[in-house]
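Residue-level structural notes
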Amino acid sequence: MAKRKKDIINDSEKEAPPIEQRITEVLETNYMPYAMSVIVSRAIPEIDGFKPAHRKLLYTMYKMGLLTGPKQKSAKVVGQTMVLNPHGDAAIYETLVRLTTGKESLLHPFIESKGSFGKHYSDMAYAAARYTKCKLAPIAQELFDGIDKDAVDFVDNYDGTTTEPVVLPTSFPNILVSANLGIAVGMSSNICSFNLNEVCEAAIAYLSDSNFTVDKLLGILKAPDFPTGGLLIYNRKKLYDIYKTGRGSLKLRAKYSYDKSNNCIEITQIPYTTTVEKIKDAIVKQYKEGKLKEINDVRDEIDINGLKLTIDLKRGVDYEKLMAKLFKTTTLEDDFPCNFNILVGGSPRVMGILDILEEWTAFRIECLRRTYIYDLGKKSDKLHLLYGLKEILLDIDKAIKIIRTTENEKDVVPNLMAGFKIDEVQAEFVADIKLRNLNREYILKRIDEIDQLEKDIEELKGLIASDRKIKNVIIKQLKEVSKKYGVPRKTMLIYEDDIEPYEPEEAVEDYPVVVFLSREGYFKKCTTASLRGNDVQKFKENDSLLFSEETTNAAEVLFFTTNAQVYKAKLYDFEDQKASNLGDYIPAKLSFDEGEKVVSAVILKNYEGGLVLFFENGRAVKIPTSVYQTKTNRRKLTSAFYDGSPLVAVFKAGTAKEYLLRADNARALLVGEAQISEKTTRTSYGATVFTLKKDARIVSVVPYNDACPKLIKENKYRKDKLPSAGVVFEDFDAELNQQTLL
């Protein structure tokens, strides 16, 4: 009978006993090496603006000779890069794709591409490496300036078979020109891109001005610039903080146009942080949920000409209000979080732009100094050889004789050294000269180079010893880079104050109401049902009714005040009240200015038609109601009407065909609405209709219609031509006087 499994387990297969170890030791030995590797060797860019994966790829392409010549298959480039990069071909190819002109992820792509590489603004897939081709773009030569002249340090690759640069000696601050996003362990980096022309100009200003400040920087480096274009909402204070600290947030929004003929919105540029698919999905989701009823269709119309997202609108939709809503509810408006975290000397450091320019300047100075030291060594060696050749010129025949008469080859150099008093290196050089070149003409040509070499060496020594001279060289190079590769800004700026904030409209219950306004400024809204049993209005002592009107709860009310201001409010913002209540004191509820009082009020359901305004100096004007329409729910409109004379009354156009005006000098006039001049701006003062004597003023204006008591001699108050001085008011009807006198 077979033994059970548990009976035949070997001692070696038993569970190992637990090992007690401090958690800090486990983290230090197991986790920290991984964390530091991700930070230093993968996710955070160096001062040259590249992560290791970018640098290995670009250097490989440089060594393949892809700065010139035809494009090569991307698969070949990826394969060659694997000599420096131990990651798989998929990761390397993804890195390559982001750097291409086809992807449009960078303002200045470093790789020219042929084939489908997708788009940064879309989720579309890129073609496989075997189908695409690439080479280095012309601007890439600025990344390798002096790399073959010991400009930067080299280290062994992962298996020690070759070497690679630690950083690339970029001739411009690429760290600020190329956008970079990296997520490490416990930290991240998110660097926005800036316009090359502005970056070069800012770097030149920094190199030239020892007192360069962030305020000066803002005057040159206006704001970030993104390859997807769009609009950047400009806030100087936020930008100042970002430039100073390296941290902050920018707000980007899409750029669109309205096609009136087709009643559609065409979005052609979107924020760098989103894609067309995300925006479209968000719009479709809102439509399905019933939150977006203004549209008929949304289409992705990306083609060879670039991005286009089209939104078909329903008839009568205000496209500006719709876009304000979409900016609020989709990524058509999005934030770009800035975190300028850069590796400096192998350590991550969050820096403002001035600090970045300082580090890049020091880095670039060191690169150029190392290049000059390399050139100095080469030229010094050459000069040393030519000094030896100069000695030979004194007696060429002697040199030939020494070589001919020397029996052993190994003795040629010592014999030349002894014969001309030159060192071994110079003697080796002379011995290696071809026989055909041992003539006076060749030697004189070579010796003529000595003067130029001596000048070059002195110049190089001066450069090596002077940071100021090297800075001048950097300035010259930056001007050349800007002139050669600079392009206009793609992301335009809009000021935060120019944007109307979106305020969602609330669902309001609509029902019939009656509103009442007293002369002292008390306002109340009563339902028609509450007035059936008791319609007697309560007022404070010495107060009386100024205005009342039947309307609905969804209407809007405009209060005209003594300070030539208009305060807007929704009727549903006021609670329903009983007739026995005093109501809301409007100056307090709407926060009037000190001493400001209500003159009149107008109830509106829309902003069609016009308003008729009368002033104490006898002027009257008719203006469109639409002048008080705003895109947002602004409650206070300043300079809302003519302020040259106090306002007496305001009526909706069409309230009456005629208005009865009374002055404080016992004169009156009937003015037809058709006789009042029409203007288009709200501060227009119209024309004089009632000519007044000095110190006289209009004290009362009432609509003269069927609801108003008739004048006994009404024709005498009518005048065909205005302005008119009116006539003496002779009607003493008690009801009429009570209605028209203040």
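Here's what I pulled together on the structure shown here. (Residues numbered from 1 in each chain as written. Predicted model: local features only at pLDDT ≥ 70, side-chain atom pairs only at ≥ 80, totals over all residues. Heavy atoms only, no water.)

1. Details of the sheet that holds strand S13 (residues 309-313)
Spelled out, the test is: Pairing between strands requires that DSSP locate at least two bridges from one strand to the other. Only DSSP runs of H or I with at least four residues qualify as helices, and only runs of E with at least two residues qualify as strands; both kinds are numbered from the N terminus onward. All axes here are fitted lines through C-alpha atoms, helices being fitted over the stretch that makes contact, and every angle between N-to-C directions spans 0 to 180 degrees. Throughout, a contact is declared for two residues whenever any of their heavy atoms are within 4.5 Å.
Here we have four strands laid out as an open sheet, ordered S10-S11-S13-S12, and antiparallel in their pairing. Of all the strands in the sheet, the pair left with one neighbour each is strand S10 (255-259) and strand S12 (295-300). The average undirected angle you get between the axes of adjacent strands in this sheet is 20°. Summarising the sheet, S10 and strand S11 (residues 264-269) pair through five bridges and their orientation is antiparallel. Paired with tyrosine 256 across the two strands is isoleucine 267, which belongs to S11. Contacts from helix H9 (residues 276-288) reach S12 and S13, with the element oriented near 160° to S12. In this fold helix H10 (residues 319-329) packs onto S10, S11, S12 and S13, with an angle of close to 150° to the strand it touches most, S10.

2. Examining the environment of tyrosine 522
Note the cut-off: For this analysis, a polar contact is any N or O atom pair within 3.5 Å, provided that within protein one partner can donate a hydrogen and the other can accept it, and provided that sequence-adjacent residues contribute only side-chain to side-chain pairs.
Topologically, tyrosine 522 is positioned in strand S19 (residues 522-527). Distance in space between the C-alpha atoms of tyrosine 522 and valine 598 is 9.2 Å, their sequence separation being 76 residues. When residues no more than four places from it in sequence are discounted, the contact partners of tyrosine 522 are Phe516, Leu517, Lys540, Asp543, Leu582, Gly583, Asp584 and Tyr585. A distance of 3.4 Å separates a polar atom in the side chain of tyrosine 522 from a polar atom in the side chain of lysine 540.

3. Notes on the pattern of salt bridges
To keep it simple, the criterion reads: What makes a salt bridge here is a side-chain nitrogen of Lys or Arg within 4 Å of a carboxyl oxygen of Asp or Glu, nothing more. Buried residues are those whose accessible area, probed at 1.4 Å on protein chains only, stays under 20% of the maximum for their type, while exposed residues exceed 50% and partly exposed ones sit between those limits.
Evaluated as defined, the whole model comprises 36 salt bridges. Put simply, lysine 56 and glutamate 164 hold a salt bridge, and the shortest N to O gap is 2.9 Å. Linking lysine 56 in helix H2 (residues 52-63) with glutamate 164 in strand S5 (residues 163-165), this pair joins segments that are 108 residues apart in sequence. With respect to class, lysine 56 is no different from glutamate 164; both count as buried. Put simply, glutamate 289 and lysine 291 hold a salt bridge, and the shortest N to O gap is 3.4 Å.

4. Details of the packing of aromatic side chains
What counts, and what does not: The rule is short: rings of Phe, Tyr and Trp, with Trp giving its six-membered ring, pair when the centres are within 6.5 Å, and they are stacked under 30 degrees, edge-to-face over 60, tilted in between. Any Lys NZ or Arg CZ that is within 6 Å of a ring centre and within 35 degrees of that ring's normal is treated as a charge sitting over the ring.
Scanning all chains against the criterion turns up 26 aromatic pairs. With a centroid separation of 4.2 Å and 25° between ring planes, the pair formed by tyrosine 567 and phenylalanine 592 is classed as stacked. Here phenylalanine 592 lies in the loop between helix H19 (586-589) and strand S24 (598-604) and tyrosine 567 lies in strand S22 (residues 566-570), a separation of 25 residues in the sequence. Assigned by exposure class, tyrosine 567 and phenylalanine 592 land together as buried. Within the aromatic cluster, the residues linked to one another by ring pairs are Tyr59, Tyr62, Phe144 and Phe154. Over the aromatic face of phenylalanine 574 sits the side chain of lysine 589, whose NZ or CZ is 5.1 Å from the ring centroid.

5. Remarks on a nonpolar patch on the surface
Condition: In this scheme, patches are assembled from residues that exceed 30% relative accessible area and form no salt bridge. Like charges are connected within 9 Å, while nonpolar side chains (Val, Leu, Ile, Met, Phe, Trp, Tyr) are connected within 5 Å. Per-residue accessibility takes into account occlusion by the displayed protein chains alone, with areas from the Shrake-Rupley method and a 1.4 Å probe.
A contiguous nonpolar surface patch, about 300 Å² in accessible area, is contributed by Ile23, Leu27 and Tyr31. Considering the arrangement of structural elements, one finds isoleucine 23 in helix H1 (residues 23-43). Classification of isoleucine 23 by relative accessible area gives exposed; the value is 59%.

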